[in-house]
Structures are given as C-alpha cells and as structure tokens.
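# Structural features, examined
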Amino acid sequence: MYGYTIFHEDILGSLISSVRDGSASQTYIFEGDAGLALLDAARLFAQALTCENPAAAPCNTCHVCHESTVGTNPDIITVERPSDRKTIGVNTIRDLNADVIIKPFHGQRKVYIIPDGDILTPEAQNAFLKTLEEPPVYAVFIIITTNRNLMLQTVLSRATVIFFPPVKDSIVAAYLDEHYPEAQNKEMLVKLAGGIPKEIDNIMEDEQFYVMRREAAKMLPLLLTKNKLSAFDVQKYLTDNKDEVEKILNMWVLMLRDILIVSLGDAERVINTDLADTLLPLSKKVRPDILVSAIDEIYSALSMLNRNVSLKSVALRLPLRINR
Ligand SMILES: [Zn+2]
C-alpha cells in the first residue's frame, strides 16, 4: 500500500473508512509489538486524515498526499525524544501544546504522531491532558505504544485504543520472501518470528543466531534427562543467557516438535533440518510423553517469565518438572 509497510490491512481499512465517512476520532493509541511497523500504519492513516479529498482518502493524487508519501507534509508532525534525553518529558509536550493552536498549513487536519509513547513520562502525559480534553477540531494525536498500561488511565480514557495483534505466519513468510529471498530454513524462521514480521530482521542481523541455536540443541539432552544434577546445568545455561531466554525456549519447542514428529515416523515435516545430527538420535532415546511434557512445561515457563517470576527459579523448575 503506497510504499508503506502495512501488516494489518484490515485495521487500516477500517481506520481509513472512518476518515471517508467523517467518523474518525481525535486521539488514538496504537498498541502492538515493536516489530509490527505501527509507525508506517500511523503515517498512512495520517496521510488519509490530511488528504484534500476526504471521501476518497488517501487519494494519492492530491499534492498533500504527495507530500505525505515523501515525508514533507507540514501537517504531519512526528514528536520524538530530544537527543540528549532518554524520555519524552514535559518540555516536549509543552512545545506540542503551543504548536497545536496554530492552524494546519493545508487546512484539513494537523496530525501529531508520537512513535515512542512508551517513554512519555507521567508528567508529560499530565501536561498533555488539557490538550487531549479539548483539542482544536483539526488536531489528531496518534500515540504508539507496546503496552497500553504505560499510559495514564486519564490519557487512556480520552483515547481510542487500537490493538494490533501478531499477524498470521503467511504474512511473516511473505515479508521473509520479499526481504531475504535467499534465506535458509524459512519455515523455522517464520515460526521463531512468532507473528512479528520485523523479528525476522533481528534474527537475520544477529550473527550469533546460528551459534546460539547449535548451543541450544546441545543443551536439549540435559533438559530431557532424568539425572537431577543436569537441572542445575540447564539453570546455569538459561541464567547465563538471560537476554535470550525467550528465544531459546521457543527454539526448544520447535526442536522438540521435530523430535516428536520423527518418533511418529514423519521425518518429512522436520523444520530444523540443519540440526538433524544432534536432534534426531533423541527420537530413539526419549519417550514421546516426555517430549510432550517438555513442550507443555516450556510454555508454562514462558508464561511465568511473562508474569515476572524470577528466571532463576523458572530455569530450575523447568527441567525438574519435565522429569518428575
Ligand atoms: Zn490526497
């Protein structure tokens, strides 16, 4: 769509309809993972909001649309963190509050996009409130965040919150094909991206990725053994790699899936083909019910980590639970 990277055609479709039928709101919070290209979604929506032909917005033919697509539309303002700060503070929002009173250059609307709403301080959000309560009719605000709970309740209650969920594997696969046509193990990469297309970029740019996968595969027998002492090795491995734990756990799920599939006699559907030497012998050594229990326990470990249970205890509990 118009050179933007859009992964949620359906959501953008309804936002654009709201521009065309005049029902768009003035304050939006776009919530979703950082790898879902929400800034492009916000920019396309802003193009539609400022287009000179609202009934057909974004018409892509008016001069305002042209300015939007090349990034020179003076009525689309991106509010960013000052380069010497780690957060967006009250001064930045005071500048916004002063700027919003000035009428749009072209006349339709003036759209403020805050790409990193996660770092808006509570003081800045409070300073924003008065503008959000009574914005000029032409003003629209789009705050992008990975988690709506980082916003004050008072801000949330004045906004239309749009949640952008992870997308289907087929959309991730299309992104992979377009950007990395030569990639190996595409099916595995798609699964590891977990519905976040730009996670593929992180994986492809991570030189350590294949090394990390090999190490994770080598640790798998320790996870599956009945020897209780191995549990401490697993715990040490996971705590030593604390920044990569979720990635490792997701890799293990895919590896266990492969071992299980081979033990069921369906070697054709193996995903981690390059790790066959390490993984496939395990299909003869480990019972299928242990493999299934391992997958269950890894999901339970992931959910505990999401609830902020300490890594040290989750990392020890995991191997012990598998081999009860
Ligand atoms: Zn237009």
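Let us look at the structure shown here. (Residues numbered from 1 in each chain as written. Predicted model: local features only at pLDDT ≥ 70, side-chain atom pairs only at ≥ 80, totals over all residues.)

## Brief notes about the sheet that holds strand 3 (residues 110-114)
Hydrogen bonds along the backbone pair up the strands of a sheet, which may run parallel or antiparallel. One open sheet accounts for five strands, arranged 2-3-4-1-5; its pairing is parallel. Each edge of the open sheet is held by one strand with a lone partner, namely strand 2 (76-78) and strand 5 (160-163). In this sheet, adjacent strand axes meet at a mean angle of 20° when their direction is disregarded. Pairing analysis gives five bridges linking strand 1 (residues 27-31) to strand 4 (residues 139-145), with the strands arranged parallel. (Pairing = 2+ DSSP bridges. Helix = DSSP H or I, 4+ residues; strand = E, 2+ residues; numbered from the N terminus. Axes fitted to C-alpha atoms, helices over the stretch in contact; angles between N-to-C directions.)

## Side note on the packing of helix 7 (residues 169-179) against helix 8 (residues 186-193)
At their nearest, the axes of helix 7 and helix 8 sit 9 Å apart, and the two run at 125° to each other. Our classification of the angle between helix 7 and helix 8 gives oblique. Between helix 7 and helix 8 the crossing geometry is right-handed. Contact residues: Asp169, Val172, Ala173 and Leu176 in helix 7; Lys186, Leu189, Val190 and Ala193 in helix 8. Residue classes in the contact of helix 7 with helix 8 are distributed as six nonpolar, no polar and two charged. (Parallel < 35°, antiparallel > 145°, perpendicular 65-115°, else oblique. Left-handed = near helix turned anticlockwise from the far one by under 90°. Contact = placed C-beta atoms within 7 Å. Nonpolar A, V, L, I, M, F, W, Y, C, P; charged D, E, K, R; others polar.)

## What to know about the environment of Leu223
For Leu223, the location among the structural elements is in helix 10 (residues 209-224). Looking at Leu223, the number of C-beta atoms within 10 Å reads 25, which means it is buried. Once the C-alpha coordinates of Leu223 and Phe141 are considered, the two residues, 82 residues apart in sequence, prove to be 49 Å apart. Residues within four places of Leu223 in sequence aside, it is in contact with Val234, Trp252, Ala294, Pro319 and Ile322. (Buried ≥ 20, exposed ≤ 12 C-beta atoms within 10 Å, placed from the backbone.)

## Focus on the pairing of strand 1
Strand 1 sits mainly inside the fold: five of its five residues count as buried. By the bridge criterion, four bridges tie strand 1 to strand 5 in an arrangement that is parallel. When the bridges of strand 5 are listed, Tyr28 appears paired with Thr160.

## Thoughts on helix 15 (residues 288-306)
With 19 residues, helix 15 extends 27 Å from end C-alpha to end C-alpha; this agrees with the ideal 27 Å at 1.5 Å per step. Among the residues of helix 15, Leu291, Ala294, Glu297, Ile298 and Ala301 are the ones counted as buried. Buried positions in helix 15, seen along its axis, are confined to an arc of 125° and lie on one side of it. Those residues of helix 15 that are exposed and angled more than 90 degrees off the buried face are Pro288, Asp289, Val292, Ser303 and Asn306. On the buried face of helix 15, the contacting elements are helix 10, helix 12 (245-263) and helix 16 (311-322). (Expected span 1.5 Å × (residues − 1). Arc of directions from axis to C-beta.)

## A few points about the environment of Leu318
Looking at the element boundaries, Leu318 is found in helix 16. For the pair Leu318 and Asn53, spaced 265 residues apart in the sequence, the C-alpha separation amounts to 58 Å. Aside from chain neighbours lying at most four places away, what touches Leu318 is Val234, Glu297, Ile298 and Ala301.

Any functional reading would require information that these geometric values do not contain.
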